[in-house]
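Understanding the architecture of this molecule
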Number of protein chains: 2
Amino acid sequence: MVKSISIGLLGLGTVGSGVVQIVERHQDKLMHQIGCPVEVTKIVVKNLDKKRDIDIDPAKLTTDPNEVIENPNIDIVVEVMGGIEETRNYVIKALRNKKHVVTANKDLMAVYGAELLQIAAENGCDLFFEASVAGGIPIIRSLVEGLASDRILKLMGIVNGTTNYILTKMTEEGRAYEEVLKEAQALGYAEADPTSDVEGLDAARKMAILATLGFSMLIDLDDVKVTGISNITEEDLEYCKRLGYTMKLIGIASRDEQDKVEVSVQPTLLPNSHPLASVNDVFNAVYVYGEAVGETMFYGPGAGRLPTATAVVSDVVEVMKNMRLGVNGNRFAAPQFTKQLKSDEEIYSKYFLRIHVKDQAGAFAAITSLFADYNVSFEKILQLPLKDSDLAEIVIITHQASKKAYDEIMKKLNSLDVVYEVKSSYRVEGEEVL
Amino acid sequence: MVKSISIGLLGLGTVGSGVVQIVERHQDKLMHQIGCPVEVTKIVVKNLDKKRDIDIDPAKLTTDPNEVIENPNIDIVVEVMGGIEETRNYVIKALRNKKHVVTANKDLMAVYGAELLQIAAENGCDLFFEASVAGGIPIIRSLVEGLASDRILKLMGIVNGTTNYILTKMTEEGRAYEEVLKEAQALGYAEADPTSDVEGLDAARKMAILATLGFSMLIDLDDVKVTGISNITEEDLEYCKRLGYTMKLIGIASRDEQDKVEVSVQPTLLPNSHPLASVNDVFNAVYVYGEAVGETMFYGPGAGRLPTATAVVSDVVEVMKNMRLGVNGNRFAAPQFTKQLKSDEEIYSKYFLRIHVKDQAGAFAAITSLFADYNVSFEKILQLPLKDSDLAEIVIITHQASKKAYDEIMKKLNSLDVVYEVKSSYRVEGEEVL
């Protein structure tokens, strides 16, 4: 047991550089755990001459992916290049060449996870992806192993740091979405094209991965209903505060007693006392409700070079331990359940609704009567005259309503004479757990 | 692979009953993961005739521990009877009989953990103890596996639900310690003799276990310096609030660059923005600061029948997976480092100090000059006259000071002419991470 273990990297961006750093810096601890040295021996990059902020022996760099995935001396392929289609081909090739794969790629895993895990299993290889969801937080391990004996009923995640940063600043400083987005871009917390983050797609990918593991059921990205944060206004957040709520972009995955599930991502009001409500700035957190364990939460950095690289290298450690014991390819069980999605009639939640109505007798009555037609009642109501206007603003928090009933109410609201404009509507979670 | 796996239980109290329930209720999920049925076949109890709140086949009950630990048909022994000396003997016997052991017993693991892990390793057996720290939170797994590649620099834990409940109620409702303790006893959150909880001993045991794993260094219970919560007053908590802090009973384990460590448990002021500050009631949480990952936190129920049983059965699942693969006895590496404890000169923190002084010219100057002699400066100061008295109250938050310097200041303070009484003194953590 003196042979050293060889890692090949696909990609040397932020996370890849972090992996190189951690493998070097924590070599003692790694050796202590696995009993032999471990080294990054080959790194696939796009540009050999690019200036990098870490020292790398140029002989390790190559532009040819086959020097990693076809290389008989490489034991573990770490995929941190991103992308989907081309990357999928590399990963498949690596697995067929009996190389274990560790990836930080949520896009890849959300789309091709099931296929890749299948190929890994057929080849007796590990395919680990802890870093693909919530960066440095060991949430996949906790779901799959730490809560192995429990029946997970609900997952709620703040799994996108960019949007959490934006909402935190908007809430704390009363500033507008566009302004805070620009600041986030300047700070490097948001990309030049922020669509994937702010429209909730990035969070949706992570929720598909978490729901698949948590419910042991193959959830496709298309099953996740998504609404982003770009329409949230300062006024909405002001009302949140007044009513004792905090607005977060929340990924929700829940299942009922018949194992029917709902997976969605949307701006959501949480009571200030909810554990997720105080998760601020770029931090991520995943709240897990298990039938037996009750409420748990896992909190930490959702991105960043070293946090993400920690998750990658911790996966590598597990691959190496498995290699030593000769038991790779056994971590993930195939899904236990066939997917059943809840219909809109089976998805229940509370809602926050802000509308502008004509400030006249009967306006409020017309609205309450519409809700009453669908048996939806109110938990909280605010009505305020709007300055310099003949309109009034009504803010409502409903009791539990089915999505179907609520959507129909929304449609009809717009055609009520007394309604001038529906300004905003958000889901409300967290007072009752399920 | 159709043979069923047999569990023998030592103890059928709260957690033991939960284990029986979860094994039955989640049998489908367990079978899916391990590929064969699992059953609790034998249970050691003190009293065969005791009325219990779960249905148990009386034929499974026995008062003779040997029917479990010497039973050739039993694969896994789950120890949930509590106690230390006698229990240690049973666990050793079970391991020598090649039975894997899962325990929820922090007292046992804090005192004999190293010895028992050694015996387990010698016998190729698993000895898992996730439930021994922070109940339903998979913190041991997260430290040992999820953060395997990182270097843990600091652990801070709210690891005792009773004291967290008491401090939460005292803080929220401005009530006195004795009164809230009585309420906690009536609610079953505190025991008739609450000493082990309120004096911090229970937390100390858990911190010894966490520090041993987090720092890969054998920390003895005697290495943990402990102060409990029984002297905390409403006045102290009122000042906490005013100054933007929350008081918690915090277990701290930290290590410096030379791998010297400090492990302690004491009432501690945390800034309200600290992730641990909003962990309330009987909930537990462990904050982990890793060199690479930065700040993470693991939150959940610290006790209770089903949460604790979830942790136990999740450990059982891992034992069974290992049995299937034939790789038991490989989870825990022996400690990497020899223990080195920090001296009082090397332990740094901020302090909160409340003193009553004679309300006369020069009083404050005498105090500041004493602190200045030791190079300890102040971050915040409040001075208020005391009603109906010729005394004044001074509340100080210091900057970082060594424990040695601070302890010497404390001694001299009492002999200063102007000081009437030192009312209270607490550690302050959390603005700077390390």
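About the criteria used
- Residues numbered from 1 in each chain as written.
- Chains lettered and ligands numbered in written order.
- Predicted model: local features only at pLDDT ≥ 70, side-chain atom pairs only at ≥ 80, totals over all residues.
- Heavy atoms only, no water.
- UniProt positions renumbered as here; feature names shortened; annotations may be inferred.
- Helix = DSSP H or I, 4+ residues; strand = E, 2+ residues; numbered from the N terminus.
- Pairing = 2+ DSSP bridges.
- Least-squares fit on C-alpha atoms with pLDDT ≥ 70 in both.
- Contact = heavy atoms within 4.5 Å.
- Patch = residues over 30% accessible without salt bridge, like charges linked within 9 Å, V, L, I, M, F, W, Y side chains within 5 Å.
- Areas by Shrake-Rupley, 256 points an atom, 1.4 Å probe, with all protein chains shown as cover.
- Salt bridge = Lys/Arg side-chain N within 4 Å of Asp/Glu carboxyl O.
- Buried < 20%, exposed > 50% of the residue type's maximum accessible area, 1.4 Å probe, protein only.
- Axes fitted to C-alpha atoms, helices over the stretch in contact; angles between N-to-C directions.
- Parallel < 35°, antiparallel > 145°, perpendicular 65-115°, else oblique.
- Left-handed = near helix turned anticlockwise from the far one by under 90°.
- Buried area = accessible area lost by both parts, 1.4 Å probe.
- Polar contact = N/O pair within 3.5 Å; in protein donor to acceptor, adjacent residues only side chain to side chain.
- Nonpolar A, V, L, I, M, F, W, Y, C, P; charged D, E, K, R; others polar.

Labelled according to an unreviewed UniProt entry, chain A appears under the name Homoserine dehydrogenase, originating from Calidifontibacillus erzurumensis. UniProt, in its Catalytic activity (unreviewed entry) section for chain A, records the words "L-homoserine + NADP(+) = L-aspartate 4-semialdehyde + NADPH + H(+)". Annotation of chain A in UniProt includes, under Cofactor (unreviewed entry), the sentence "a metal cation".

Turning to the UniProt feature "binding site: L-homoserine" (unreviewed entry) in chain A, a few remarks are in order. Following the UniProt record, the feature "binding site: L-homoserine" (unreviewed entry) maps to Glu191 of chain A here. Within the fold, Glu191 of chain A resides in the loop between helix H8 (177–186) and helix H9 (195–198).

Let us now look at the sheet that holds strand S2 (residues 38–44) of chain B. Residue and element names in this part refer to chain B. Pairing in this open sheet of six strands is parallel, and the strands run S3-S2-S1-S4-S5-S6 from one edge to the other. Whereas interior strands pair on both sides, the edge strands pair on one side only; in this sheet they are strand S3 (61–62) and strand S6 (127–128). Summarising the sheet, strand S1 (residues 5–10) and S2 pair through six bridges and their orientation is parallel. From the neighbouring strand, Ser6 faces S2, where its bridge partner is Glu39.

Here we take up the relation of the copies chain B and chain A. Once turned by 180 degrees and shifted 0.0 Å along the axis, chain B lies on chain A with an RMSD of 0.0 Å. These values place the two chain copies in the arrangement generated by a two-fold rotation axis. Residue Phe298 of chain B, judged by its C-alpha, is the member of chain B lying nearest the rotation axis, at 2.4 Å. Most of the interface of chain B is mirrored in chain A, where 100% of its interface residues again form contacts.

This brings us to a nonpolar patch on the surface. Residue and element names in this part refer to chain B. Together, Leu187, Tyr189 and Val282 give the surface a local cluster of nonpolar side chains, amounting to about 250 Å² of exposed area. Relative to the helices and strands, Val282 is located in the loop between strand S10 (261–271) and strand S11 (283–290). Of the residues examined, Val282 reaches a relative accessible area of 31% and is grouped as partly exposed.

Two quantities define a packed helix pair, namely the angle between the helix axes and the distance between the axes. Residues and elements named next belong to chain A. Relative to each other, helix H2 (residues 27–34) and helix H12 (residues 305–325) sit at 30 degrees, their axes nearing to 10 Å. The orientation of H2 relative to H12 falls into the category roughly parallel. The two elements H2 and H12 cross, and the hand of that crossing is right-handed. Contacts from Leu30, Gln33 and Ile34 of H2 reach H12 at Val313, Val317, Met320, Lys321 and Arg324.

Contacts between chain B and chain A engage 50 residues on the former and 50 residues on the latter. Of the roughly 4300 Å² buried where chain B meets chain A, counting both sides, 55% is carbon and sulfur surface. In this structure, the connection of chain B to chain A is made through two salt bridges. One can count 22 residue pairs in polar contact (both at pLDDT 80 or more) joining chain B with chain A. Elements that contribute at least two residues to the side of chain B that touches chain A include exactly helix H1 (14–25), helix H2 (27–34), helix H6 (139–146), strand S12 (294–301) and helix H12 (305–325) of chain B. No other element matches the nine residues that H12 of chain B contributes to the side of chain B that touches chain A. Its residues assigned to classes, the side of chain B that touches chain A comprises 23 nonpolar, 15 polar and 12 charged. Alignment of strand S12 (residues 294–301) of chain A against S12 of chain B, held across three bridges, turns out to be antiparallel. Bridge pairing links Tyr299 of chain A to Met297 of chain B in S12 of chain B.

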